[in-house]
Amino acid sequence: MRGGGSIRQVCLSERDIIDRLKLTRIINASGTMTNLGASRVAPAAAAMSLEILDHFIDIDELQARACNVIAQATGAEAGCVTSSAASGMTVAIAAAMTGADLSHIERLPESSGLNHEVAIQAGHLINYGAPVTQAIRLAGARVKRLDAMAEGSLSGEEAAALYVVSHHVEEPGLPLSRFIGLCKARSIPVIVDMASEYDLKGPIAAGADVAIYSAHKFLGGLTAGIVAGRKDLIRAVYLQNNGIGRHMKVGKEGIAGVIAALEGWLRRNHEKARRRELDIVVLWLRSLGSIGGLAVAREPDATGNPIDRVRVMPTPEAGLFAWELAERLARRRPSVRVRDDLLREGHFSLDPCNLADGEERLVAEAVAAEVEAARFRKDGLRMSFEAFEAQRRMRLLQWPEGY
Ligand SMILES: *Cc1c(COP(=O)(O)O)cnc(C)c1O
């Protein structure tokens, strides 16, 4: 035995980790964002991951247990755990190209002689922090962009077709069921990126061959991806661990985290969680709506997840642009982070799903304080959106300076 006692004893400390590591304390009103640490990990997932860290296990066996839980949760024949949804896409595409042939698996991304085109509708070519095209190309596949998917768009030689369900997709094109129908007619396997979608059963029920989820978003697992689908394809996905999957490895803690997170999700009182979030939305609508210059609106989720958010739209009377307000909220201590993907359009959103009790009030107070301060100082309405973006990019390009 190595010294130091059990993991549990070691990780408890008097001072909290934010202070110990001199990190910025953050109130997350943006949702599940990779750059903020994704989600508050569910206690059961954290406990199970912690527990397994102190053991040796047979990874094939652990993944086979995960397979059962994923199958139960998604309605698929099989499933396995990857390091992320992004890597799940790459290995799923690799699997569609190689099948269970280890000699092909070991030579990817060199893909000569294999069907290696992946058909995807133009509107699905999004960037979720990295471009989806890169997830395809990493496998050694080539992107076949479909500007208008119709009968005759597919040659039948494609290795797979990829369909993305996400708020990032502005032009969804064909509905999933129709897309699947056209692919099935040509025997092309359909892989669906459902990374942040709550609907665990829908894609498989609709006939998708593979559906991919993030474990660390709404499910509250550790960082990992979940790949569910047809058994032969999932086996081929799993076998990629002898090839490109090795470079995107998930550890025992991530796999255990998925098992616990999915079990927890199946047991979770979704009604209660939803009610709590709606209470926060109502509070924000009331308190922020009474601040002069701010227009607020309830914003249902773009892809139909059971989440409502509050859209905050500063008018000129507020004395600052949306991006200036977002920036000033982020500079506060604790730092308040808002959902900022639509800042360009002059608004941002507040998301209740990752808040600890009481933080919703701190968010509302912070917004009120920043609007009031800007009005008093008259120092807003100065920075263009382009200047704001340039400043942000500059900061990142200087990392680790200034962090
Ligand atoms: C978050 C996200 C991803 C990436 O998921 P990771 O598990 O973080 O790799 C991919 N696609 C979509 C649509 C996403 O929202």
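Since the structure is predicted, the reported quantities are computational estimates derived from the model, not experimental observations.

1. Quick word on the site of the ligand
Among the 13 residues in the neighbourhood of the ligand, the closest are listed as A85, D193, S196, S214 and K217. A distance of 2.9 Å separates an oxygen atom of the ligand from a polar side-chain atom of S196. Within the complex, the protein chains bury 92% of what would otherwise be the 380 Å² of accessible surface of the ligand. In terms of residue count, helix α5 (residues 85-98) provides more of the shell around the ligand than any other element does, three residues in total. The residue inventory of the shell around the ligand, partitioned by class, reads five nonpolar, six polar and two charged.

2. Some remarks on the packing of aromatic side chains
The relative placement of two aromatic rings is captured by the distance of their centres and the angle of their planes. This model, assessed by the stated rule, comprises seven aromatic pairs. A centroid spacing of 4.7 Å and a plane angle of 15 degrees characterise the contact between Y198 and F218, whose relative ring orientation is stacked. Of this pair, Y198 sits in the loop between β6 (190-193) and α9 (202-205) while F218 sits in the loop between β7 (210-214) and β8 (225-229); the two residues are 20 residues apart in sequence, bridging distant segments of the chain. The exposure class of Y198 is buried, given its relative accessible area of 17%. In this structure, K252 is placed above the aromatic ring of F56, and the distance from its NZ or CZ to the ring centre is 5.5 Å. Looking at R395, its charged tip hangs above the ring of Y403, at a distance of 4.1 Å from the centre.

3. Thoughts on unusual backbone geometry
A cis amide bond, omega 10 degrees, links L108 with the succeeding residue P109. For P109, the location among the structural elements is in the loop between α6 (102-107) and β3 (117-121). A cis amide bond links R333 to the next residue, P334, at an omega of -5 degrees. Here P334 lies in the loop between α13 (322-331) and β11 (335-338). With phi around 60 degrees, S187 is a residue other than glycine that occupies positive phi space. In this structure, S187 sits in the loop between α8 (176-184) and β6. Taking the relative accessible area as the measure of exposure, S187 reaches 64% and is therefore exposed. Of note in the backbone geometry, K378 takes a positive phi value of approximately 50 degrees without being a glycine. Owing to a relative accessible area of 62%, K378 belongs among the exposed residues under this scheme.

4. Considerations on the sheet that holds strand β12 (residues 348-350)
With antiparallel pairing, three strands are arranged side by side in an open sheet as β9-β10-β12. In this open sheet, the two strands that pair with only one neighbour each are β9 (294-300) and β12. Within the sheet, the average angular offset between the axes of one strand and its neighbour, ignoring direction, is 35 degrees. Two elements, strand β10 (residues 308-314) and β12, share three bridges in a ladder whose sense is antiparallel.

5. What to know about the pattern of salt bridges
One pass over the structure, following the stated rule, counts 24 salt bridges. Among the ionic pairs, R178 bridges to E151, the shortest N-O distance being 3.6 Å. With R178 in helix α8 and E151 in the loop between β4 (142-146) and β5 (160-164), this pair connects stretches of sequence that are 27 residues apart. With a relative accessible area of 41%, R178 lands in the partly exposed category. On the basis of relative accessible area, E151 is assigned to the exposed category, the value being 66%. In this structure, D379 engages R377 in a salt bridge whose closest nitrogen and oxygen atoms are separated by 2.7 Å. Taken together, the shared-partner salt bridges in this structure form one network comprising D301, R309, R339 and D351.

Thresholds, definitions, all that
- Residues numbered from 1 in each chain as written.
- Predicted model: local features only at pLDDT ≥ 70, side-chain atom pairs only at ≥ 80, totals over all residues.
- Heavy atoms only, no water.
- Near = heavy atom within 4 Å.
- Polar contact = N/O pair within 3.5 Å; in protein donor to acceptor, adjacent residues only side chain to side chain.
- Areas by Shrake-Rupley, 256 points an atom, 1.4 Å probe, with all protein chains shown as cover.
- Helix = DSSP H or I, 4+ residues; strand = E, 2+ residues; numbered from the N terminus.
- Nonpolar A, V, L, I, M, F, W, Y, C, P; charged D, E, K, R; others polar.
- Phe/Tyr/Trp six-rings, centres within 6.5 Å; stacked < 30°, edge-to-face > 60°.
- Buried < 20%, exposed > 50% of the residue type's maximum accessible area, 1.4 Å probe, protein only.
- Lys NZ or Arg CZ within 6 Å of the ring centre and 35° of its normal.
- Pairing = 2+ DSSP bridges.
- Axes fitted to C-alpha atoms, helices over the stretch in contact; angles between N-to-C directions.
- Salt bridge = Lys/Arg side-chain N within 4 Å of Asp/Glu carboxyl O.

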